[in-house]
Amino acid sequence: MGLQRDKALPVWGWAAAGEKVTVSIAGQSASCKTRADGRWETTLKPLKAGGPHVLTVTGTNSLTIDDVLVGEVWLCSGQSNMAMNVSRAMDYENEKAVADLPQIRHFKTTSHSTPEPQDRCKGQWTVCSSETVGTFTATGYFFGREIHKQLDVPVGLINSSWGGTAVEAWTSWPAQENLKELKGLHDEWKDRIASYDPEKAKAQHEKNLESWQERTAKAKAAGRKPPRRPAAPADPRSNQNRPANLFNGMIQPLIPYAIGGAIWYQGERNSHGELSKCYGLQLSTLIKDWRTRWDYDFPFAWVQLPNFTEPQTKPVESTGWVLVREGMLQTLSLPKTGMAVTVDVGDAGNIHPKNKQAVGRRLARWALVEVYGKSGVPAGPLYKSTARKGNSISIAFENVGDGLVARGDKLTGFAIAGADKQFVWADARIVGETVAVSSPDVKKPVAVRYGWAPNPKCNLYNEAGLPAS
């Protein structure tokens with residue numbers, strides 16, 4: 001297993017009520033008595049990076065965990081792009097060949113959606129090797145590998161992710177129940193649960209199966225691909241996208257395991273409909289909720305949605321995908337947060353881009369600079385401020401490093417508008433740590449947008465080779 005260095009280490013479990021339990025590791029011990037409900041918990045003093053150690057838990061019986069390493073432990077969560085494993089990433093055969101890294105450990109929680117908060121989950125620690133790495137979260141692995149390489153300490157990755165799931169499912173109910181912006185969403189789930197009739201659902205499913213069998217037979221006879229088998233009916237109370245259900249089953253049981261921070265790759269599910277406007281609120285609510293429950297403002301970084309769908313043709317293509325990106329950018333107002341911009345490493349035709357190496361490296365770069373104190377810029381250029389000068393608007397950026405650059409002959413991606421908010425493509429040029437934006441068609445500009453499309457045509461970077469948000 002992997003333990004977090006330099007932090008108090010909560011250890012807990014279950015035993016007979018009143019049973020004395022002693023936990024020992026690396027020359028220290030801590031004891032406690034089991035509560036009436038069967039749970040015990042004690043805390044070990046902080047350990048320095050290293051190992052392997054042996055952890056023993058002794059009560060009326062004794063448990064031993066060998067090969068315990070102490071280093072950096074990060075929680076990796078989100079939907080399918082976090083769940084996507086190394087075997088599906090770019091260049092897997094070569095990655096597998098160099099994956100004998102026994103100081104990297106991976107714990108995958110079993111998918112579990114439930115209406116009630118749980119006190120335990122299922123999963124196991126796996127040592128990284130060429131044989132096992134294919135099952136690791138790709139984003140988490142490439143992040144952890146860079147952390148391990150640069151800090152020369154063991155790394156533990158706790159992978160609690162589930163494809164196709166919404167941010168509200170990963171946030172506790174008390175944290176979101178009174179958010180007026182989410183009332184419509186919560187009411188929809190209440191109505192869905194109230195109207196669910198198991199017998200009617202079963203009868204309808206049997207009809208659907210009969211229809212499916214007929215269509216399948218016709219498709220086979222015609223040499224076509226058969227339709228997908230209809231899913232069995234399920235009680236919406238246990239649905240994996242119901243608000244708080246994944247927090248209950250896959251996050252609550254991990255608390256208060258000591259972690260160094262968390263990385264998050266999610267947002268695709270929330271990019272549809274009006275709710276995309278609320279993503280910044282939802283992400284910030286999740287971060288504050290998790291930090292409160294861990295009782296620690298741990299570092300938290302996420303992946304801004306990559307380029308996807310058809311390349312941009314109009315100056316502004318406002319979609320839910322773009323609004324989720326904007327919500328992610330706004331969430332950087334929270335302390336100890338970071339964002340990996342991936343607008344240049346996505347795939348227009350695949351919502352699961354294979355270049356997870358770049359994603360992991362960019363997350364790791366932020367952590368190495370902002371969390372671990374390494375030198376360099378943590379990310380690509382981020383908007384800082386504006387200044388209006390006649391018919392031009394000057395945009396100042398943070399994370400400039402050694403300078404701003406355009407990848408290509410001409411800086412692209414900027415659109416400008418007057419009070420009518422009718423955006424047109426802008427002329428943009430780099431002036432020191434700023435970009436001057438103008439258009440002969442807009443005499444009195446009031447607004448600028450950059451990269452404002454799901455798959456934008458934009459090319460502003462810093463000298464470190466990191467793209468602007």
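Just above, that's the structure.
Residues numbered from 1 in each chain as written. Predicted model: local features only at pLDDT ≥ 70, side-chain atom pairs only at ≥ 80, totals over all residues. Heavy atoms only, no water.

A.B. asks: Looking at this structure, I do not really get the overall build of the protein chain. What am I missing?
C.D. replies: Tallying secondary structure elements over the protein chain gives 10 helices and 22 strands in all. Relative to the globule expectation of 23 Å for 469 residues, the C-alpha radius of gyration of the protein chain, 25 Å, shows essentially globular dimensions. With respect to the three principal axes, the spread of C-alpha positions in the protein chain is 80 × 65 × 50 Å. For the protein chain, the proportion of its 469 residues judged to be buried stands at 51%. Contacts spanning at least 24 positions in sequence make up 73% of the contacts within the protein chain whose residues lie at least 6 apart. When the accessible area of the protein chain is evaluated, it comes to approximately 21900 Å², of which 49% is carbon and sulfur surface. Between the mean site of the 57 positive side-chain charges and the mean site of the 47 negative ones, the protein chain shows a separation of 2 Å. (Helix = DSSP H or I, 4+ residues; strand = E, 2+ residues; numbered from the N terminus. Rg over C-alpha atoms; globule rule 2.2 N^0.38 Å. Buried < 20%, exposed > 50% of the residue type's maximum accessible area, 1.4 Å probe, protein only. Contact = heavy atoms within 4.5 Å. Areas by Shrake-Rupley, 256 points an atom, 1.4 Å probe, with all protein chains shown as cover. Lys, Arg positive; Asp, Glu negative; His and termini not counted. Charge placed at Lys NZ, Arg CZ, Asp CG, Glu CD.)

A.B. asks: I'm lost on the sheet that holds strand 21 (residues 447-450) in this one. Help?
C.D. replies: Across the sheet, which stays open at both edges, the three strands sit in the order 18-17-21 with antiparallel pairing between neighbours. The two strands at the open ends of the sheet, each matched to only one other strand, are strand 18 (424-425) and strand 21. (Pairing = 2+ DSSP bridges.)

A.B. asks: Mind showing me how you'd approach the sheet that holds strand 15 (residues 392-398) here?
C.D. replies: Think of a sheet as strands paired side by side through backbone hydrogen bonds, with each pair either parallel or antiparallel. The four strands are arranged 14-15-20-19 in an open sheet whose pairing can be described as antiparallel. One side of each edge strand has no neighbouring strand; the edge strands of this open sheet are strand 14 (382-389) and strand 19 (427-431). Averaged over all neighbouring strand pairs, the angle between strand axes comes to 25°, with direction disregarded. Two strands pair when backbone bridges link them, and strand 19 and strand 20 (residues 434-438) are joined in this way by five bridges, in the antiparallel orientation. Residue pairing across strands places Arg-429 opposite Ala-436, the latter belonging to strand 20. (Axes fitted to C-alpha atoms, helices over the stretch in contact; angles between N-to-C directions.)

A.B. asks: Honestly, helix 9 (residues 320-330) in this entry has me stumped. Any pointers?
C.D. replies: Working note: α-helix, 3.6 residues per turn, so residues spaced by three or four point in the same direction. Within helix 9, the full set of buried residues consists of Gly-320, Trp-321, Val-322, Val-324, Arg-325, Gly-327 and Met-328. In this fold, the buried residues of helix 9 make contact with helix 8 (279-294), strand 12 (300-304) and strand 13 (337-341).

A.B. asks: Honestly, the pattern of salt bridges in this entry has me stumped. Any pointers?
C.D. replies: A side chain of one charge can pair with a side chain of the opposite charge if their charged atoms are brought near each other. Counted under the stated rule, the structure contains 14 salt bridges. Arg-120 is the partner of Asp-119 in a salt bridge, and the nearest nitrogen-oxygen pair spans 3.4 Å. Where Lys-277 meets Glu-274, a salt bridge forms, and the shortest distance between an N and an O atom there is 3.0 Å. Taking the relative accessible area as the measure of exposure, Lys-277 reaches 57% and is therefore exposed. (Salt bridge = Lys/Arg side-chain N within 4 Å of Asp/Glu carboxyl O.)

A.B. asks: Hey, could you run me through the packing of helix 3 (residues 138-151) against helix 10 (residues 356-371) in this one?
C.D. replies: Axes are the key here: two packed helices are described by the angle between their axes and the distance separating the axes. At a closest axis distance of 7 Å, the pairing of helix 3 and helix 10 adopts a crossing angle of 45°. When the axis of helix 3 is compared with that of helix 10, the two are oblique. The two elements helix 3 and helix 10 meet at a crossing, and its hand is right-handed. Contacts between helix 3 and helix 10 involve Ala-138, Thr-139, Phe-142, Phe-143, Glu-146, Ile-147, Gln-150 and Leu-151 on the former and, on the latter, Lys-356, Gln-357, Val-359, Gly-360, Arg-361, Leu-363, Ala-364, Ala-367 and Leu-368. Among the residues making up the contact of helix 3 with helix 10, the classes are represented as 10 nonpolar, four polar and three charged. (Parallel < 35°, antiparallel > 145°, perpendicular 65-115°, else oblique. Left-handed = near helix turned anticlockwise from the far one by under 90°. Nonpolar A, V, L, I, M, F, W, Y, C, P; charged D, E, K, R; others polar.)

A.B. asks: When you look at the nonpolar core in this model, what are you seeing that I'm missing?
C.D. replies: The tendency in soluble globular proteins is for nonpolar side chains to be buried side by side. Of all hydrophobic cores here, the largest spans 71 residues; its most connected members are Trp-264, Trp-290, Phe-300 and Phe-414. Among the elements that make up this core, the one with the highest residue count is helix 8 (six residues). (Core = buried A, V, L, I, M, F, W, Y, C linked by side-chain atoms within 4.5 Å.)

A.B. asks: Before we go on, may I ask you to explain the state of the cysteines in this structure?
C.D. replies: Between two cysteines, a covalent bond joining their sulfur atoms is known as a disulfide. Applying the stated rule across the entire model yields zero disulfides. Free cysteine: Cys-32, not disulfide-bonded; nearest cysteine sulfur from Cys-121 at 19 Å. By relative accessible area, Cys-32 is classed as buried at 14%. The closest cysteine sulfur to the non-disulfide-bonded Cys-76 is located on Cys-128, 13 Å from its own sulfur. (Disulfide = S-S within 2.5 Å.)

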